[in-house]
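Chain by chain, the residues:
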Amino acid sequence: MTTHDWVIAIDGPAAAGKSTVAQRLAERLGVMLFDTGALYRAVSLAALRHGVAKDDALGLARLAGEADIALAPPSAADGRLYDVLLDGEDVTWTIRTPEVGAIVSQVSEHPAVRDALLPLQRAIASSRPVVMVGRDIGTVVVPDAGVKIYLDAAPEVRARRRYHESLARGGAGSYDAVLQETRQRDATDSGRATAPLRAAKDAVRINTDDLDIDEVVAQIERIVHVQTAESRTL
């Protein structure tokens, strides 16, 4: 077995259900959950606070290298899957605001920013069994992950999920606005030159349009057991 045989990479577009599925899967398997998208959102929030433009690659990379970003077990029963800390401050929901969402794709497409955060991601992947969530885990961050999953859903389905999640937290806005943002995010993530959003060639693709969370988790858990059993016999 290789160092990353017990890395489960779950990639896919925004609101495909990755974070919730990964959280339940990690609980079922008794391993760590690591949502790498939270890192880029935290850098984006830091950029807004420090007045660093979304196209300032060097300034953003400096923020990414200097900021103290950490993930921790959830401290509040408010729907969060984990705490996100930025320089010691709980920014779990702040990084989910429309203002952050509007720039995170542009922030994350800079090679210098991705390079600044890559060592942290790979260090975590090498340290213990982990479910890693993102958009380029199986293609760039951990290309030799033991299990690679690509979750997807129609833009309309994903926008509806995000819209209802926002309403549940007391947010405002309209479904149409969320749908427009979702489509723009897809275009930006898929079209960027560095680490574009795409499924790894050996990833198992799962469309979640008509599946509930438990059904998706059950599918992935079966895949994990089959593939890890196969790797032990090699």
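Structure first, text after, so check above.
From a predicted model like this one, the values you see are computed outputs, not experimental measurements.

A. View of the layout of surface pockets. Each pocket or cavity is described by its volume, and for the second largest pocket that value is around 260 Å³. Forming the walls of the second largest pocket are 13 residues, and the residues nearest its centre are L33, P73, P74, L81 and Y82. Mapped onto the lining of the second largest pocket, the elements with two or more residues apiece are α1 (18–29), β2 (32–35) and β3 (69–72). By residue number, the principal contributor to the lining of the second largest pocket is α1, which donates three residues.

B. Layout of helix α9 (residues 175–191). Taking 1.5 Å of rise per residue, the 17 residues of α9 would be expected to cover 24 Å, and the 24 Å separating its terminal C-alpha atoms lies within 8% of that figure. Those residues of α9 that fall on the buried side of the exposure criterion are V178, L179, T182, R185, D186, T188 and D189. In this structure, the buried residues of α9 make contact with α2 (37–50), α5 (104–108) and α8 (155–168).

C. Geometry of helix α3 (residues 57–66). Of the residues making up α3, those classed as buried are G59, L60, A61, L63 and A64. Looking at the buried side of α3, the elements it contacts are α2, α5 and α6 (111–127).

D. Structural context of the nonpolar core. Counting 58 residues, the largest nonpolar core has I10, M132, L151 and I220 as the members making the most contacts within it. Looking at this core, the element that brings in the most residues is α2, giving eight residues. Excluding residues that lie within four positions of it along the chain, I220 makes contacts with I10, V21, L25, I149, L151 and I206. Core analysis: the second largest hydrophobic core is formed by five residues, Y150, L197, A199 and A200 among them.

E. The arrangement of the packing of aromatic side chains in detail. Going through the model one piece at a time under the given rule, you end up with one aromatic pair. Here the aromatic rings of Y163 and Y175 are separated by 6.4 Å at their centres, their planes lie at 75°, and the arrangement is edge-to-face. A residue pair is termed long-range when its members are at least 10 positions apart, and Y163 in helix α8 and Y175 in helix α9 qualify at twelve residues.

F. Just the side chain of Q106, in detail. Following the sequence through the fold, Q106 ends up in helix α5. Filtering out sequence-adjacent residues up to four positions away, Q106 remains in contact with K54 and T188.

G. The environment of H164, seen in detail. Here H164 is to be found in helix α8. Between the alpha carbons of H164 and S174 there is a distance of 10.0 Å; along the sequence they are ten residues apart.

H. How the structure looks around the environment of D56. Tracing the sequence through the fold places D56 in the loop between α2 and α3. Residue D56 is classed as partly exposed on the basis of its relative accessible area, which comes to 32%. The spatial distance from the C-alpha of D56 to the C-alpha of Y150 is 31 Å, given a sequence separation of 94 residues.

I. Seen up close, the packing of α8 against α9. Packing of α8 against α9 brings their axes to within 9 Å, and their N-to-C directions diverge by 125°. In terms of orientation, α8 lies oblique with respect to α9. When the axes of α8 and α9 are compared, the crossing they make is right-handed. The segment α8 lies against α9, with P155, E156, R158, A159, R160, R162 and Y163 engaging Y175, V178, L179, E181, T182, R183 and D186.

Procedures and definitions
- Residues numbered from 1 in each chain as written.
- Predicted model: local features only at pLDDT ≥ 70, side-chain atom pairs only at ≥ 80, totals over all residues.
- Heavy atoms only, no water.
- 1 Å grid on protein atoms, 1.4 Å probe; cavity = no way out; pocket = protein on both sides within 12 Å on 5 of 7 lines; lining within 4 Å.
- Points joined across faces, edges and corners; volume = space filled by probe spheres on them.
- Helix = DSSP H or I, 4+ residues; strand = E, 2+ residues; numbered from the N terminus.
- Expected span 1.5 Å × (residues − 1).
- Buried < 20%, exposed > 50% of the residue type's maximum accessible area, 1.4 Å probe, protein only.
- Contact = heavy atoms within 4.5 Å.
- Core = buried A, V, L, I, M, F, W, Y, C linked by side-chain atoms within 4.5 Å.
- Phe/Tyr/Trp six-rings, centres within 6.5 Å; stacked < 30°, edge-to-face > 60°.
- Axes fitted to C-alpha atoms, helices over the stretch in contact; angles between N-to-C directions.
- Parallel < 35°, antiparallel > 145°, perpendicular 65-115°, else oblique.
- Left-handed = near helix turned anticlockwise from the far one by under 90°.

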